[in-house]
Structures are given as structure tokens and as C-alpha cells.
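Fold and geometry: a report
Residue strings, one per chain:
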Amino acid sequence: MKEAAKKVWEECLDFIKDNIDEGPFNVWFAPIEPVSLEDNILKIKVPSQYFLEWLEENYISLLRLAMRRTLGEHSRLFYIIDSPIQKQPLPSTNRPELAKQSLALPELKDPQLKNPFVIPGIREITVDSQLNLHQNFDNFVEGESNRFARSAGISVANKPGGTAFNPLFIFGGVGLGKTHLAHAIGVDIKEKFPKKKVLYVSSEKFTQQFSNASKDKEKNALNDFIHFYQLMDVLIVDDIQFLSGKVRTQDAFFHIFNHLHQNNKQVILTSDKAPVDLFDIEQRLLSRFKWGLSAEIKAPDYQTRYKILQNKFLNDGTPINEDIVAYLAENIRTNIRELEGVSNSLIAQAAFNRKEYSIELAQSIIEKSVKNHQSILTIDHIQRIITDYFNLALEELHSKTRKRNVVQARQLAMYFAKKYTKNSLAVIGSQIGQRDHATVLHACKTVENLIITDREFKKYVSDLESKFSD
């Protein structure tokens, strides 16, 4: 079988070599090794998952044509990844590796199945769940800010697709642990239900895959893309807000979502906004996002920040005084990402410069790497700066007058509130004259346009920016 495979692959390579330049041939085809040939199925070994995806995106038509010329119309390829990326668990957790999942695909009219992760032309495919074992429930620190979302996640992990939490919609600001929780749910499901097909994908990756499938001239490429996602038992889509404005991508996701939900498959979504605050997302999708449970993760309180830092230093094997941990927890209030960034910098500075851990060292790192949180802007503060700048009363800013100077001041207040605070559009509108979220969105777009087209208006924005940074 090995010799037969080698002979067939050499014939394929002869054809391929005649149709592409020598450089790409040496990079993308020379490293491939034939493994076996049986029943017109040629198994070949590729160096990595990235290598496989590149072939899929750039040379699939050429490969398919070479196979058909050599083995006939019903020939098929089976790809074996020689060195798949290994994801090792943290030393503190005793979790087994997540095995690659083997999916037996149903019979299709077109046997050349295309999906985002494997090459077409095969009957069995290998899919990486894309889960990060470093992000699990064992190292997800629970606190008041995330307890509800974590509890909902555990319920879903215990009974995926079998609770009222479908979809589970996790939302919150940047760096608060949404992605960690999403991965933790997936890892737990895979551990408890090894046969379930679990897949994590970012919305950017999903969008790119959809774009590639749409451009593919093969007749069923787009249908095969949708069909692949419909095979999942658990689908986790991170940062769903990035589908905003992408109408055709949303349409594809709508069909995937409907199929999974109707078949009691679990859908988990993360977003930086609640469903009600998402814009440029089709209403039919938004209504489905609200079918299950929306769970918010908020900025961690002091106790949670302290525990996160304590665990971080413990896992890193770094003995550190409790006073320093308390100082860091008190002075870094934004998100978990900044907590981890400052703690990493502290460890590095102490090691490289051979300094003792101290509050003074922690203070100097915070001053260099973290924004001045003593002057965190609020909607009220922004409105005071705007009204002072334009010499207006707050009541006038909130009024229904259509005077040009007041309207522009109001629009600027909404624009800067959206830019500098983490409040939703609905909250911003309610605090600036009881406007709705659509008015805020319109104001922000108007300001962005005027910055480009109106020189005087651009100066207003520049002057105000300097006041907000003081």
C-alpha cells in the first residue's frame, strides 16, 4: 500500500509541478509524504494544521484536479497532521489532553465535503476543538462579579443542550474573563462527554472562513461550510459583536444557529455588550440570542482582584508579601488582563534587576503601565466638561432644542461618553436628556463624519480631547 501510494502521489506531483511555480511547489508540496492507498483513498501526511489550512485555502482546486486525473472521479484524500499543536495543561491541573475528534460524515450528493478545518475529498475528518486547556474552571477565580455567569456555565457543562440556558450569552467589558469562561465550559464538556463534538471559534475566524467559502467557485462550498458547523454538538463563538454589519455572514450564522438549537445542541456566545445593546445585527438573530440566558461578567471587586493576584503569584512560585498583593489589588481596578500584566512586570523587574519585591517597585510599574484611574471619566464628568467648553447650562444640553450649537454639544457628549466610558448606548442616552440608544448611535456617527469634513468642528474635538486627558 505504501509503494502504491508513493507512485500515485508522484504522478500527482508531476501534474502539480507543471501548473505552479517552483518556489510554491517546494514550500507546499515537497514536504508532503504519501502514507497509504486503499479503495481510491490516498492518505498523505502534512507537517501541521496551519500547513493544511493553507493548502485548503490556496491549492484545493489543483489538488482535486490532480487526484481525479490520477485516480479517477471518485478518488479521495485523507490528511494526517504530522505534528499537531499540543496544548499542555497547567501544572496545577491534572487534565488529560483533548484528543482530536473524528467525525463520520453522512453521505452527501457531492462527496467533496468542504469545511473550515479540513481538506475536502475525505470521508472521515479530524477536527481540533480549538479549546485552550489553560483556561478551565480550576483556575477561573470566582467572585461577586462573575458568580452568576460561572454558575450558569457549570450548569451548561453538566448538561449541554439540555438546560434552559441555550444559547448561553456571556457579556462584559474587555479583559474580564469571558473567553476564559467560554473555554472552561468547553473543556469541562469535553472531559465529561468525550464523544461530543465541541468547537470554539472566534467571530473573526468564522467571518474569514465564510468569506473564503463564498469566494470558492466550487458549487457547494458555502453549503458545505454551513453543514460543517451544523455537525457540532457544542458551538462556542467568541466576540459575536464582530458580526455587526456583516449581513451575509449573519445569514449563514442564522441557519447554523437554528439547526443547532432545534436539535438541542448547545450554543455559547460571548460579547462585549448585552444583546439589547448590539447594533447592526439582524433582529431575527438578536431575538434568538435572547432565547436562553444572558449572563454578565462585571469588573472584579477588591476581594476577587486580591484572590486572582494571590493565585497568580502562587502558581508562578513567587513568594510575595501580602501587603504588596493588597496594594496591587487596590490600585488596579479595570480588568483581569491589567492585573496579570502588572504582576508579570513586577516578577520580571524584580528578577532582571535583582530587586526585592516592594510596594515602591509595584507603584513604579503601575505608574508606567496602567492608566491613571484616579481620573476615570464618567458621563456626568464628560457633560460638565462639554457644558463648560460651550458655555451652556446642563439643562440646556438635556433640552429638546434644535439650536445648532446645543445639538453639536449634545452629540459630542454622547460621542465622548461612548469613547471613554463602558456604559451601554442606552445608559448614555438616558443620562443625556433621556434619549434612546438609536439617537446616541446617530450622534456618534455624525461626530465621526464632521471630524472628517468640518475643520472647525475637528478643532472642538481636539480641544476637548486634551481636557479629557488632563
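Because the structure is predicted, anything quoted here is derived from the model rather than measured.

1. A closer look at the overall build of the protein chain
- Counting its secondary structure elements, the protein chain contains 20 helices and 10 strands.
- Evaluated residue by residue, the protein chain yields a buried proportion of 48% over its 470 residues.
- Excluding contacts between residues fewer than 6 apart, the proportion of contacts in the protein chain whose partners are at least 24 apart in sequence is 73%.

2. Thoughts on the sheet that holds strand 3 (residues 76-81)
- Spatial strand order, 1-2-3: three strands in an open sheet with mixed pairing. Unpaired on one side and paired on the other, strand 1 (33-38) and strand 3 mark the two borders of the sheet. Across this sheet, the average inter-strand angle for adjacent strands is 25°, counted without regard to direction.
- Looking at chain direction, strand 2 (residues 41-46) and strand 3 are connected through six bridges and run parallel. Its bridge partner being in strand 3, Leu42 is matched across the sheet by Leu77.
- Helix 4 (residues 60-71) rests against strand 1, strand 2 and strand 3 of the sheet, and its axis sits at about 125° to strand 3.

3. What about the sheet that holds strand 9 (residues 266-271)?
- If you trace the five strands from one edge of the open sheet to the other, you get 7-8-9-6-10, paired in parallel fashion. A strand with exactly one partner marks an edge of an open sheet, and here the two such strands are strand 7 (198-202) and strand 10 (293-297). Strand-to-strand twist across the sheet, computed as the mean angle between neighbouring axes with direction ignored, equals 15°.
- Sheet topology note: the strand 6 (residues 168-172)/strand 10 ladder contains five bridges and is parallel. Each residue of the ladder has a partner; that of Phe169, found in strand 10, is Ser294.

4. Focus on helix 1 (residues 2-17)
- For helix 1, with 16 residues, the first-to-last C-alpha span of 22 Å sits near the 22 Å given by 1.5 Å per residue.
- Among the residues of helix 1, Ala5, Val8, Trp9, Cys12, Leu13, Phe15 and Ile16 are the ones counted as buried. The arc enclosing the buried residues of helix 1, seen along the axis, measures out at 160°, which places them on a common side. Exposed residues lying more than 90 degrees from the buried face of helix 1 are Glu3 and Lys7.
- The elements touched by buried residues of helix 1 are helix 2 (22-28), strand 1, strand 2 and helix 4.

5. So, the environment of Ala221
- The residue Ala221 is located in helix 8 (residues 221-230) in this model.
- Overall, Ala221 belongs to the buried group, its relative accessible area being 2%.
- Taking C-alpha positions, Ala221 is 9.5 Å from Phe210, a pair spaced 11 residues apart along the chain.

6. Here's the deal with the environment of Ile16
- Along the chain, Ile16 turns up in helix 1.
- The spatial distance from the C-alpha of Ile16 to the C-alpha of Leu65 is 9.1 Å, given a sequence separation of 49 residues.
- Apart from residues no more than four positions distant in its own chain, Ile16 is found in contact with Phe25, Phe29, Leu62, Leu63 and Ala66.

Calculation rules
- Residues numbered from 1 in each chain as written.
- Predicted model: local features only at pLDDT ≥ 70, side-chain atom pairs only at ≥ 80, totals over all residues.
- Heavy atoms only, no water.
- Helix = DSSP H or I, 4+ residues; strand = E, 2+ residues; numbered from the N terminus.
- Buried < 20%, exposed > 50% of the residue type's maximum accessible area, 1.4 Å probe, protein only.
- Contact = heavy atoms within 4.5 Å.
- Pairing = 2+ DSSP bridges.
- Axes fitted to C-alpha atoms, helices over the stretch in contact; angles between N-to-C directions.
- Expected span 1.5 Å × (residues − 1).
- Arc of directions from axis to C-beta.

Fair warning: the whole summary comes from geometry, so function is off the table for now.
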